[in-house]
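Fold and geometry: a report
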Amino acid sequence: MEAVPKPHRDVLPKKNKLQTKRKKAREGRNPEPQRTLSGAQDPFPGPAPAPLETARKFRRIDKSKKLPRFESKIQSRLEIAEAQEEETSVRAARSELLLAEEPGFLEGEDGEDTAKIRQADIVEAVDIASAAKHFDLNLRQFGPYRLNYSRTGRHLAFGGHRGHVAALDWVTKKLMCEINVMEAVRDIRFLHSETLLAVAQNRWLHIYDNQGIELHCIRRCDQITRLEFLPFHFLLATASETGFLTYLDVSVGKIVKALNARAGRLDVMTQNPYNAVIHLGHSNGTVSLWSPAVKEPLAKILCHRGGIRAVAVDSTGTYMATSGLDHQLKIFDLRGTFQPLNARTLPQGAGHLAFSQRGLLAAGMGDVVNIWAGQGKSSLPSLEQPYLTHRLLGHVHGLQFCPFEDVLGVGHNGGITSMLVPGAAEPNFDGLENNPYRSRKQRQEWEVKALLEKVPAELICLDPRALAEVDVITLEQEKKERRERLGYDPDAKAPFQPKPKQKGRSSTASLVRRKRKVMDEEHREKVRQSLEQQQNKQEKKAKPLGTRPSALDRFVR
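All of the points below concern the structure found in this document. (Residues numbered from 1 in each chain as written. Predicted model: local features only at pLDDT ≥ 70, side-chain atom pairs only at ≥ 80, totals over all residues. Heavy atoms only, no water.)

Before going further, it helps to spend a moment on the sheet that holds strand S22 (residues 352–355). Strand order in the open sheet formed by four strands is S22-S23-S24-S25, and the pairing between neighbours is antiparallel. Two strands bound the open sheet, and with one partner strand each, they are S22 and strand S25 (388–391). Averaged over all neighbouring strand pairs, the angle between strand axes comes to 15 degrees, with direction disregarded. In terms of strand pairing, S22 meets strand S23 (residues 361–365) through four bridges, oriented antiparallel. Within the sheet, the bridge partner assigned to His352 lies in S23 and is Gly364. (Pairing = 2+ DSSP bridges. Helix = DSSP H or I, 4+ residues; strand = E, 2+ residues; numbered from the N terminus. Axes fitted to C-alpha atoms, helices over the stretch in contact; angles between N-to-C directions.)

Put into structure tokens, the structure is as follows:
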């Protein structure tokens with residue numbers, strides 16, 4: 001009777017490892033061409049090549065800096081991190097080709113100055129959906145107004161000096177809430193989503209929801225003049241009349257840090273979107289940079305001869321625009337030099353400044369708004385000729401570009417004005433980060449993910465790339481302290497100990513012979529390295545060819 005083999009019990013024959021390696025190498029040298037269902041060969045096999053310049057734009061690790069050699073485990077982790085970062089940059093560069101939208105622009109006919117083009121002319125030239133984004137809200141009874149757009153660019157909140165607070169979906173013009181707080185509103189900010197609203201009232205800081213219901217009254221933050229929200233850290237930064245800069249963690253409801261700027265009243269504040277550093281303007285003409293991890297300012301920049309009126313930082317963290325009482329408008333380089341790159345004298349002086357996502361600079365001067373443009377994103381705006389000019393119904397009290405829309409929101413004495421500024425915003429958005437069309441369920445999922453990825457406040461610094469680098473000086477200092485504390489070097493190479501072998505082969509003479517052999521190899525390696533170092537020194541000290549010998553050469557060592 002034949003035995004039937006049981007299922008899952010068949011033992012496959014073992015393959016020779018050497019044959020498997022040779023087969024893989026042969027396949028790598030001569031890969032088989034990919035064929036389609038019709039049998040034709042693919043003329044472009046493999047993944048599409050990514051442009052080097054585009055991949056370099058997404059790269060975050062600077063490979064020009066050579067790190068010292070570490071232990072094998074640390075070195076392998078660094079190599080894996082570099083490989084993953086390289087793959088991520090290539091994927092981002094390859095996916096950029098799929099972005100269908102392109103930024104807009106405005107051109108005049110036959111050398112026409114674009115600053116003379118009115119908003120009515122732009123509204124007539126664009127489509128109906130874009131024309132609906134230009135509107136004026138006549139709210140002269142409760143002005144002047146401060147305004148703020150949500151991170152998705154879908155919702156608009158504004159507050160008047162006489163207590164009027166409102167929030168709406170400005171695209172569909174659907175009102176979310178409208179209340180009167182019965183006291184002066186100095187500033188207003190959306191928090192991490194459009195469902196929470198921070199209002200700096202005359203006395204204390206209040207938090208409202210999207211229905212206008214008061215959720216919190218934070219009495220430790222009193223006499224607030226300006227608000228800034230750091231989305232990746234869940235921190236609400238407040239500047240007060242008493243000269244204190246306060247950081248409030250809205251995820252846990254605790255004050256992380258309260259810093260005394262020791263510069264009097266603080267009414268000029270903005271944030272750097274690149275590194276989350278707060279910029280404060282003072283009455284002595286300086287701009288100070290602050291982080292909650294340090295009690296003193298990270299840097300102080302002398303910008304103007306008079307007091308600072310307005311400060312703005314572009315989205316890449318490269319340029320900072322300032323305006324002062326000396327009627328000067330200056331643009332500074334924030335990449336370590338802090339030197340002025342461009343300056344212009346304005347007839348009236350700018351009281352409010354704002355950068356767009358693509359580097360356009362808007363300045364509010366009385367009842368006039370001027371906009372200057374550069375050559376593209378992350379380029380220096382040219383202050384010689386304005387890109388657009390618009391006159392309002394009242395004096396400007398707030399400016400902000402709408403994210404992902406070519407719109408500039410202006411708050412003034414007469415209400416709110418939405419201007420069309422072609423080429424101001426990024427045409428493509430990240431649906432996983434800032435999705436203006438997300439549903440309620442998607443917003444809730446995003447909030448959970450954002451809370452899990454919250455960045456600690458202690459990591460805010462001038463150069464965020466330094467967090468991913470190895471602090472070699474601190475590492476060497478820690479090694480030195482550990483050697484002094486233990487009395488020996490735990491990372492030193494252990495002496496060679498031969499392993500015992502079979503019976504009769506681990507005699508004392510054979511163990512000594514094997515130890516001597518390893519010691520001789522190490523000694524020869526040290527001698528070889530010392531000879532190479534001496535040879536390199538001699539080559540460096542060697543005189544160039546063509547020089548005449550001197551009698552004093554014998555004294556040279």
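That covers the picture; the talk isn't over yet.
All right, on to the sheet that holds strand S21 (residues 340–345) then. Pairing is antiparallel in the open sheet, where four strands are placed in the order S18-S19-S20-S21. On the outer flanks of this sheet lie strand S18 (308–313) and S21, each paired with one strand and no other. The sheet shows a mean angle of 15 degrees between the axes of neighbouring strands, taken without regard to direction. Pairing analysis gives five bridges linking S18 to strand S19 (residues 319–324), with the strands arranged antiparallel. Residue pairing across strands places Ile308 opposite Gly324, the latter belonging to S19.

To continue, consider the pattern of salt bridges. Taken as a whole and assessed by the stated rule, the structure comprises 21 salt bridges. Residue Asp333 is joined to Arg335 by a salt bridge in which the shortest nitrogen-to-oxygen separation is 2.9 Å. As a salt-bridge pair, Arg391 and Asp367 come within 3.3 Å of each other at their nearest N and O atoms. Taken as a pair, Arg391 in strand S25 and Asp367 in the loop between S23 and strand S24 (368–372) lie far apart in primary sequence, 24 residues in all. On the basis of relative accessibility, which here comes to 24%, the residue Asp367 falls in the partly exposed class. Taken together, the shared-partner salt bridges connect Arg146, Asp187, Arg189 and Glu228 into one network. (Salt bridge = Lys/Arg side-chain N within 4 Å of Asp/Glu carboxyl O. Buried < 20%, exposed > 50% of the residue type's maximum accessible area, 1.4 Å probe, protein only.)

Turning next to the packing of aromatic side chains. Applying the stated criterion across every chain yields a total of five aromatic pairs. When the ring of Tyr145 is compared with that of Phe158, the centres are 5.7 Å apart and the planes differ by 70 degrees; the resulting orientation is edge-to-face. Here Tyr145, found in strand S2 (residues 145–149), pairs with Phe158, found in strand S3 (residues 155–160); they are 13 residues apart in sequence, far enough to count as distant. Accessibility expressed as a relative area gives 0% for Tyr145, which makes it buried. Ring centres of Tyr149 and Trp170 lie 6.1 Å apart, and the angle between their planes is 75 degrees; on these two criteria the pair is classed as edge-to-face. Of this pair, Tyr149 sits in strand S2 while Trp170 sits in the loop between strand S4 (164–169) and strand S5 (174–180), and the two are 21 residues apart along the sequence. Each member of the pair, Tyr149 together with Trp170, is buried. Through pairs of rings, three or more aromatic residues link up here, namely Phe135, Tyr149 and Trp170. Sitting over the ring of Phe232, Arg151 keeps its end group 5.2 Å from the ring centre. Stacked on the ring of Trp446, the Lys or Arg Arg438 has its end atom at 4.9 Å from the ring centre. (Phe/Tyr/Trp six-rings, centres within 6.5 Å; stacked < 30°, edge-to-face > 60°. Lys NZ or Arg CZ within 6 Å of the ring centre and 35° of its normal.)

The next point concerns the pairing of S23. Extensive coverage of S23 is indicated by the burial of five of its five residues. Because side chains alternate across S23, one face comprises the buried residues Leu361, Ala363 and Met365, and the other comprises Ala362 and Gly364, equally buried. The loop that links S22 with its antiparallel partner S23 comprises five residues; one of these, Gly359, has a positive phi angle of about 90 degrees. In this sheet, S24 lies alongside S23 in antiparallel orientation, the contact comprising five bridges. Residue pairing in the sheet places Gly364 in a bridge with Val369 of S24. What sits between the antiparallel neighbours S23 and S24 is a turn of two residues, in which Gly366 has the positive phi angle 70 degrees.

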